[in-house]
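Given next are the chains, with one letter for each unit.
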Amino acid sequence: MLQSNSSHGSVWEVFTQKKSGQPYQHVGSLHAFDKEMALDHARDLYTRRDKPSGLWVVPASEIIAVSPGDGAPFFDPSDDKVYRHPTFYEIPEGVTNL
Amino acid sequence: MDMQPALFQYCLQLGDNNLILGHRLSEMCSRGPMLEEDIALTNFALDHIGQAEALLKYAGEIEGKGRSEDDLSYLRSVDAFSNWKLVEQPNTDFAYVIARQFMVDVYQCLLYPKLQKSTNAMIAGMAGRFLKESIYHQRHTSAWVHRLGLGTAESHRRIQQAFNNLWRYTPEILTAKPFETLLSAQGIAPDPEELAMDWTVQIIRVITKAGLRRPSDDFVESYTTHTEHLGPLLADMQYLQRTYPDAKW
Amino acid sequence: MEFQKKLHEFQQYIDAEEKIEPKDWMPDDYRLHNIRQISQHAHSEVIGMQPEGNWITRAPTLRAKKILLAKIQDEGGHGLYLYSAAETLGISRDEMIEQLHAGKAKYSSVFNYPTLNWADIGAIGWLVDGAAVTNQLSLRRTSFGPYSRAMLRICNEESFHQRQGYEIMLKMVKGTPDQHEMAQDALNRWWWPALMMFGPHDNQSSRTTKGMLWKIKRASNDELRQRFIDKTAPQAEFLGLKIPDPKLCWNEASGHYDTAEINWEEFNKVINGDGPCNRERMEHHKNVHAEGAWVREAAAAYATRKEV
């Protein structure tokens, strides 16, 4: 699977978690030939200044993304589902802890 | 031999090893086989120079002659350096860099946990800090020993040759020095012979797994303290301090 | 027609300060403009490792050695962030390196000057990084998302670079007469190359217009150059060093410093490969790349082997 598409290996995406419990965030990319190397490089490149609590590397080719043309039908429907938000509901005065 | 000079020599040797190896690695900056690895090697250089700084500072304090870590680094001549011949060997190619580094990494990963239990609190404290760095180094270099050993015919040939040619500098690592034996008896440093045995076993285990042969012990053991390579290294490193002795940098 | 409509929408999107992402529709020119600018920027970071690298092994104290190593390492990292940003546009790192080696891709002319004494390391941090950061701060707002994000990260990391350079200059001017002389000598040699980093005058720069329209560039060459001069001249004065420009003086009316003209003939020569160190820089990069080939091949072979 990890076909090297160039003489510098394949592209990997790097995600770090700043503190435990927090979501992982994309911080950048790098080139590597295998998993261990990708993890090592991610450590050397993206954790030089702050010490994260977690680190992921993912082969860029394995990321499935919505293509931009499909963006509208994919995301728009969530706009009008107001009942998914707590402010949609009417709660009589005096009722607490809801 | 008294305890204080033994302790001084011990810290000096650990410090010099880190200093000279760090210097060799710093020569690799902008010369890595790919940008990512260039940055990794610089991290190693920074770790070793940082370790050298702490160890030489402490050595200077033990000596009590007012020499700073910079004085010890920049104002001693070849014969006063106590680093292993292994670490002063040049960056012949990436295989040499990895083989040399791997041999040191394995040693430090065995040494530092033992030094953490040293009866000398200062040394124990430093060892704890250094160990984290060395564990990462060893992970990185042993992965490279595998990649090169099992990669292509050329990489196999090169890493084998690097081990073969560097192997003649190992007796120095494996022979206990009087100051090591003395400090070991006091619980300040680990038993050098046990360390040497563990080291050999681990090195052989990894290089065998990487499809490499154990280098031959059939060489004339060098009886000099240093090889030809340390002089030019120091000339380069100490140039500014020596040329402008009054300057503050 | 369809293209004109898309182009119009694209421009509106940019005018609204929205970021363009790699998979979004973009005119070919926009893509090429970004590839050219980002890869040039990346090459500059990587080639820029060499002049400073010349002094790593001779850094005069352990502290100075660590700082310089960390700084040059950052430059490598920044090159890498930028290569990655350019790669999202469909060009590979290999292709970019090929273009560099073929002389098709440029890098900043300033790195074709030699580092001759330790104060040069100070001057590079102070002036070259100072000039670079003036440009990069403005590029944080560039319209291409990956470039803008790389710039943010780079600016955060660069913040110590200029300070460490100025600190070296301070130590040199406060030191022995020899050291003071080195500091002045370094300023003499690096001042004009630093000003050239901002590129040709706005009316000479064919690419500025489109770059500004698409908000790839956020401030013009002359604007940025003036900004740099205005903040740097007082810093030189504080050091007690003389900027090598007899015409440099504060203009009360304009609120800026007046300066002499840059030697554009020199600039053009350096850009086109005939500067003092162009050949050495390129040779070094090509050699390292070639020497690393067997290592990369081994890693590739090992990765394939492991999977089987």
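Reading the values: rules and limits
Residues numbered from 1 in each chain as written. Chains lettered and ligands numbered in written order. Predicted model: local features only at pLDDT ≥ 70, side-chain atom pairs only at ≥ 80, totals over all residues. Heavy atoms only, no water. Helix = DSSP H or I, 4+ residues; strand = E, 2+ residues; numbered from the N terminus. Rg over C-alpha atoms; globule rule 2.2 N^0.38 Å. Buried < 20%, exposed > 50% of the residue type's maximum accessible area, 1.4 Å probe, protein only. Contact = heavy atoms within 4.5 Å. Buried area = accessible area lost by both parts, 1.4 Å probe. Salt bridge = Lys/Arg side-chain N within 4 Å of Asp/Glu carboxyl O. pLDDT = per-residue confidence, 0-100. Polar contact = N/O pair within 3.5 Å; in protein donor to acceptor, adjacent residues only side chain to side chain. Expected span 1.5 Å × (residues − 1). Axes fitted to C-alpha atoms, helices over the stretch in contact; angles between N-to-C directions. Parallel < 35°, antiparallel > 145°, perpendicular 65-115°, else oblique. Left-handed = near helix turned anticlockwise from the far one by under 90°. Nonpolar A, V, L, I, M, F, W, Y, C, P; charged D, E, K, R; others polar. Phe/Tyr/Trp six-rings, centres within 6.5 Å; stacked < 30°, edge-to-face > 60°.

Enquirer: Lay out the overall build of chain B with the relevant residues and their values.
Expert: Helix and strand counts for chain B come out as 12 helices and zero strands. Shown N-terminal to C-terminal, the secondary structure of chain B runs as helices and strands in the order α-α-α-α-α-α-α-α-α-α-α-α. Compactness check: chain B gives a C-alpha radius of gyration of 18 Å against a globular reference of 18 Å for 249 residues, within 12% of the reference. Seen through its principal axes, chain B has C-alpha atoms that stretch 55 × 45 × 35 Å. For chain B, the residues scored as buried account for 62% of the 249 residues in total. Considering only contacts in chain B between residues 6 or more positions apart, those separated by 24 or more positions represent 80%.

Enquirer: Quick one: what's the story with the overall build of chain A, residue by residue and with numbers?
Expert: The secondary structure content of chain A amounts to two helices and three strands. Walking chain A from its N terminus toward its C terminus, one meets helices and strands in the order β-β-α-β-α. Out of the 98 residues belonging to chain A, those deemed buried represent 33%. Pairs at least 24 residues apart make up 44% of the contacts formed inside chain A by residues separated by at least 6 positions.

Enquirer: Break down the interface of chain A and chain B for me, with residues and values.
Expert: Counting residues at the interface gives 14 residues for chain A, matched by 11 residues for chain B. The contact between chain A and chain B buries some 1,200 Å² in all, and 54% of this surface belongs to carbon and sulfur atoms. When the area that chain A buries against chain B is broken down by residue, the three leading residues are Asp40(A), Arg43(A) and Asp44(A), summing to 41%. Inspection of the chain A/chain B interface yields two salt bridges.

Enquirer: Describe the confidence of the model for chain A, naming the residues involved and giving the relevant values.
Expert: Chain-level statistics for chain A give a pLDDT mean of 85 and a share of 86% at 70 or above. By mean pLDDT, helix H2 (residues 71-75) of chain A is the weakest element of chain A at 72, and strand S3 (residues 54-59) of chain A is the strongest at 96.

Enquirer: Could you give an account of unusual backbone geometry, naming the residues involved and the relevant values?
Expert: With phi around 75°, Ser30(B) is a residue other than glycine that occupies positive phi space. Its location among the elements puts Ser30(B) in the loop between helix H1 (3-26) and helix H2 (35-63). Positive phi is not limited to glycine here, since Lys215(C) has a value of about 55°.

Enquirer: Any chance you could break down the interface of chain C and chain B for me, citing the residues and the numbers?
Expert: Taken residue by residue, the interface counts 43 residues in chain C and 48 residues in chain B. Carbon and sulfur atoms supply 71% of the area buried between chain C and chain B, which totals about 4,000 Å² over both sides. Sorting the residues of chain C by area buried against chain B places Leu62(C), Gln73(C) and Trp294(C) first, and these three jointly supply 20% of that buried surface. Connecting chain C to chain B are two salt bridges. One salt bridge connects Arg93(C) with Glu36(B), and the closest N-O pair in it is separated by 2.6 Å. Joining chain C to chain B, the criterion identifies 15 residue pairs in polar contact (both at pLDDT 80 or more). Counting residues per element, the ones that place at least two in the side of chain C that touches chain B are helix H3 (49-53), helix H4 (62-87), helix H7 (145-174), helix H8 (177-196), helix H12 (278-291) and helix H13 (293-307) of chain C. With 13 residues, H4(C) is the single largest residue contributor to the side of chain C that touches chain B.

Enquirer: Go over helix H1 (residues 35-46) of chain A with me, naming the residues and quoting the values.
Expert: Residues and elements named next belong to chain A. With 12 residues, H1 should cover 16 Å at 1.5 Å per step; its first-to-last C-alpha distance of 16 Å lies within 8% of that length. Turning to H1, its buried residues number three or more, namely Met37, Ala38, Asp40, His41, Ala42, Asp44, Leu45 and Tyr46. For H1, the side-chain oxygen to backbone nitrogen distance between the N-cap and Glu36 is 3.3 Å, and the N-cap itself is Asp34.

Enquirer: Account for the environment of Leu195(B), naming residues and giving values.
Expert: All names here are of chain B. As for its position among the elements, Leu195 is in helix H10 (residues 192-209). For Leu195, a relative accessible area of 2% corresponds to the buried category. Taking C-alpha positions, Leu195 is 29 Å from Leu233, a pair spaced 38 residues apart along the chain.

Enquirer: Go over the pattern of salt bridges, please, and point to the residues and values.
Expert: Counted under the stated rule, the structure contains 38 salt bridges over all chains. Among the salt bridges present, the one from Asp40(A) reaches Arg139(B), with a minimum N-O distance of 2.6 Å. A residue pair is termed interchain when its members come from two chains, as with Asp40(A) in helix H1 and Arg139(B) in helix H6 (residues 121-150). For Asp40(A), a relative accessible area of 2% corresponds to the buried category. The class of Arg139(B) is partly exposed, set by a relative accessible area of 36%. With its nearest N and O atoms 2.7 Å apart, the salt bridge here joins Asp16(B) to Arg76(B). Linking Asp16(B) in helix H1 with Arg76(B) in the loop between helix H3 (69-74) and helix H4 (85-88), this pair joins segments that are 60 residues apart in sequence. A residue is classified by how much of its surface remains accessible, and Asp16(B), at 0% relative accessible area, is buried. Judged by its relative accessible area of 3%, Arg76(B) falls in the buried class. Through salt bridges that share partners, Arg48(A), Arg49(A), Asp74(C), Arg153(C) and Glu157(C) make up one connected network.

Enquirer: Lay out the packing of helix H2 (residues 28-47) of chain C against H4(C) with the relevant residues and their values.
Expert: Residue and element names in this part refer to chain C. Following both chains from N to C, one finds H2 and H4 inclined at 160°, their axes separated by 8 Å at the closest point. By the angle between their axes, H2 is roughly antiparallel relative to H4. Here the hand of the crossing between H2 and H4 comes out left-handed. Counting all contacts with H2, which are made through Ile38, His41, Ala42, His43, Glu45 and Val46, the residues of H4 involved are Glu75, His78, Gly79, Leu82, Tyr83, Ala85 and Ala86. Of the residues assigned to the contact of H2 with H4, the class counts are seven nonpolar, four polar and two charged.

Enquirer: Give a description of the side chain of Asp34(A) that names residues and reports values.
Expert: Within the secondary structure layout, Asp34(A) lies in the loop between strand S2 (25-32) and H1. With a relative accessible area of 3%, Asp34(A) lands in the buried category. Within the local environment of Asp34(A), its side chain forms a polar contact with the backbone nitrogen of Glu36(A), the two atoms lying 3.3 Å apart. Within the structure, Asp34(A) has its side chain in polar contact with the side chain of Arg147(B) (distance 2.7 Å).

Enquirer: Quick one: what's the story with the packing of aromatic side chains, residue by residue and with numbers?
Expert: Residue and element names in this part refer to chain C. Counted by the stated rule, this structure contains 25 aromatic pairs over all chains. A centroid spacing of 6.0 Å and a plane angle of 85° characterise the contact between Phe10 and Trp25, whose relative ring orientation is edge-to-face. With Phe10 in helix H1 (residues 2-15) and Trp25 in the loop between H1 and H2, the pair connects residues that are 15 residues apart, well separated along the chain. Overall, Phe10 belongs to the buried group, its relative accessible area being 4%. When the centroid spacing of 6.3 Å and the interplanar angle of 65° are considered together, the rings of Trp55 and Trp118 count as edge-to-face.

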